[in-house]
Amino acid sequence: MRLKKGDTYPFQQRLQYDDKTPVDLTDALSVYLKVRLDGATEYKINKPCVIVDPENGIVQFSPEDGDTDTPGMYSMEYVITYPGGKTQTVPSNNTIWLLILGDTDD
């Protein structure tokens, strides 16, 4: 996925298993997007998503000012919380990459 520095337009992501079947979010209590700069230990983004289509695993995230202000390569993961405090991290077996591109003036 690619964004430009300062982008705040919402984007959607389909959460899926390695075999490409969607993660059913029907019973999910919340889904958080966690994003950190490659090699960093702290998250740049750790905020909730909106579940748009539970059966097809589609969530939407709306970046706020400051979320996309630093160009670079970021790893992304989604943490789903279910009743009883059970959690699931997607992806579980690979990495979703987010590239934030600088402005043409940078």
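For every chain, the first residue of the written sequence is number 1, and numbering continues from 1 onward in sequence order. Given that this is a predicted model, residues contribute local features only at a pLDDT of at least 70 and side-chain atom pairs are listed and counted only at 80 or more, while totals for whole chains, interfaces and linings are drawn from all residues. As a convention, hydrogens and water are excluded, and side-chain values are obtained from all of the structure's heavy atoms.

**Structural notes on the overall build of the chain**
Phase 1 of the analysis: Helix and strand content of the chain: zero helices and nine strands.
Phase 2 of the analysis: We count a stretch as a helix when DSSP gives it H or I for four or more residues in a row; a strand needs E for two or more, and each element gets its number in order from the N terminus. Reading the chain from its N terminus to its C terminus gives the helix and strand order β-β-β-β-β-β-β-β-β.
Phase 3 of the analysis: Radius of gyration here is computed from C-alpha atoms only, and the compact-globule reference equals 2.2 Å multiplied by the residue count raised to the power 0.38. For a compact globule of 106 residues, the expected C-alpha radius of gyration is about 13 Å, and the chain comes in at 14 Å, within 12% of that figure.
Phase 4 of the analysis: Reported as C-alpha extents along the three principal axes, the dimensions of the chain are approximately 45 × 25 × 25 Å.
Phase 5 of the analysis: Residue exposure (1.4 Å probe, protein chains only): buried if accessible area is under 20% of the type maximum, exposed if over 50%, otherwise partly exposed. Counting every position in the chain, which comprises 106 residues, the buried fraction comes to 31%.
Phase 6 of the analysis: Throughout, a contact is declared for two residues whenever any of their heavy atoms are within 4.5 Å. The contacts in the chain between residues at least 6 apart in sequence include a share of 64% that link residues at least 24 apart.
Phase 7 of the analysis: Looking at the chain as shown, the accessible area adds up to about 6400 Å², and 47% of this sits on carbon and sulfur atoms. Areas reported here follow the Shrake-Rupley algorithm with a probe of radius 1.4 Å; residue values treat only the protein chains shown as occluding.

**As for the packing of aromatic side chains**
Phase 1 of the analysis: Between rings of Phe, Tyr and Trp, where Trp is taken as its six-membered ring, a pair exists when centres lie within 6.5 Å; planes separated by under 30 degrees are stacked, by over 60 edge-to-face, and by other angles tilted. In total, this model carries one aromatic pair according to the counting rule given.
Phase 2 of the analysis: An angle of 55 degrees between the planes, with centres 5.8 Å apart, marks the rings of Phe11 and Phe61 as tilted. Of this pair, Phe11 sits in strand E2 (residues 11-14) while Phe61 sits in strand E6 (residues 58-61), and the two are 50 residues apart along the sequence. The residues Phe11 and Phe61 share a single accessibility class, namely buried.

**Considering the nonpolar core**
Phase 1 of the analysis: To define a nonpolar core, start from buried Ala, Val, Leu, Ile, Met, Phe, Trp, Tyr and Cys residues and group those joined through side-chain atoms within 4.5 Å. Leu15, Leu25, Val31, Leu33, Met76, Tyr78 and Ile80 are the most contacted members of the largest nonpolar core, which totals 22 residues.
Phase 2 of the analysis: Only strand E3 (30-37), E6, strand E7 (72-81) and strand E9 (96-101) provide two or more residues apiece to this core.
Phase 3 of the analysis: Residue contributions to this core peak at four residues, all from E7.

**Quick word on the pattern of salt bridges**
Phase 1 of the analysis: Just to be clear on terms, a salt bridge is a Lys or Arg side-chain nitrogen sitting within 4 Å of an Asp or Glu carboxyl oxygen. Counted by the stated rule, this structure contains three salt bridges.
Phase 2 of the analysis: Taking the shortest distance from any N to any O, the salt bridge between Lys47 and Glu64 comes out at 3.0 Å. Linking Lys47 in strand E4 (residues 45-48) with Glu64 in the loop between E6 and E7, this pair joins segments that are 17 residues apart in sequence.
Phase 3 of the analysis: Note on Lys47: relative accessible area 23%, which makes it partly exposed.
Phase 4 of the analysis: Several salt bridges share partner residues, and in doing so they unite Lys47, Glu64 and Asp67 into one network.

Purely spatial values, then, with no claim about function.
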